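Report on the structure
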Amino acid sequence: MDLLPEDAIPQLEAFLKDKSYVFDKIKEQNRQRHFFNQPAVLLAYFLVERMPAQTEESWPIESDDLAKVFSDLGKRYGG
């Protein structure tokens with residue numbers, strides 16, 4: 001399953017501009033959760049916003065970390 005669109009970079013940039021609070025959410029967690037120190041966390045936020053069900057099904061990270069990303073975006077995890 002392809003989770004990234006062909007024009008992923010401009011879409012990711014637009015997402016991060018629109019949801020700039022994501023950076024603060026990441027900073028809040030980066031001392032407590034290793035995943036939030038990794039660049040892939042930005043991709044997780046982008047994909048959860050864009051296609052939450054597919055991301056939950058396919059993303060290979062700890063469920064607690066992914067649940068936090070869902071929560072930060074106001075989305076339901078485990079649904």
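Below, the structure is looked at part by part. All values derive from a computational prediction rather than experimental measurement.

Quick look at the nonpolar core now. In terms of nonpolar packing, the biggest core is built from 17 residues, with Phe15, Phe36, Tyr45, Val69 and Leu73 touching the most fellow members. Of all elements in the fold, only helix H1 (8-18), helix H2 (21-29), helix H3 (40-50) and helix H5 (63-72) reach the threshold of two or more residues within this core. For this core, the element with the most residues is H3, which contributes six residues. With residues up to four places along the chain from it excluded, the contact list for Phe15 reads Val22, Tyr45, Phe46, Glu49 and Leu73.

With that settled, consider the environment of Leu16. The residue Leu16 is located in helix H1 in this model. You can call Leu16 buried: its relative accessible area is 14%. The spacing of Leu16 and Val41 is 25 residues in sequence and 12 Å in space, taken between C-alpha atoms. Those residues in contact with Leu16 that sit more than four places away from it in its chain are Phe23 and Leu42.

A word on the packing of H1 against H3. Running from N to C, H1 and H3 cross one another at 90 degrees; their axes reach a closest spacing of 10 Å. Put simply, H1 runs roughly perpendicular to H3. Counting all contacts with H1, which are made through Ala8, Gln11, Leu12, Phe15 and Leu16, the residues of H3 involved are Leu42, Tyr45, Phe46, Glu49 and Arg50. Grouping the constituent residues of the contact of H1 with H3 by class yields seven nonpolar, one polar and two charged.

This part is about H5. Taken together, the buried positions of H5 are occupied by Asp65, Leu66, Lys68, Val69, Phe70 and Asp72. Structurally, H5 contributes buried residues whose contacts are with H2, H3 and helix H4 (52-58). With its phi angle positive at about 70 degrees, Gly74 sits one or two positions after the end of H5.

Definitions and cut-offs
- Residues numbered from 1 in each chain as written.
- Predicted model: local features only at pLDDT ≥ 70, side-chain atom pairs only at ≥ 80, totals over all residues.
- Heavy atoms only, no water.
- Core = buried A, V, L, I, M, F, W, Y, C linked by side-chain atoms within 4.5 Å.
- Buried < 20%, exposed > 50% of the residue type's maximum accessible area, 1.4 Å probe, protein only.
- Helix = DSSP H or I, 4+ residues; strand = E, 2+ residues; numbered from the N terminus.
- Contact = heavy atoms within 4.5 Å.
- Axes fitted to C-alpha atoms, helices over the stretch in contact; angles between N-to-C directions.
- Parallel < 35°, antiparallel > 145°, perpendicular 65-115°, else oblique.
- Nonpolar A, V, L, I, M, F, W, Y, C, P; charged D, E, K, R; others polar.

Any functional reading would require information that these geometric values do not contain.
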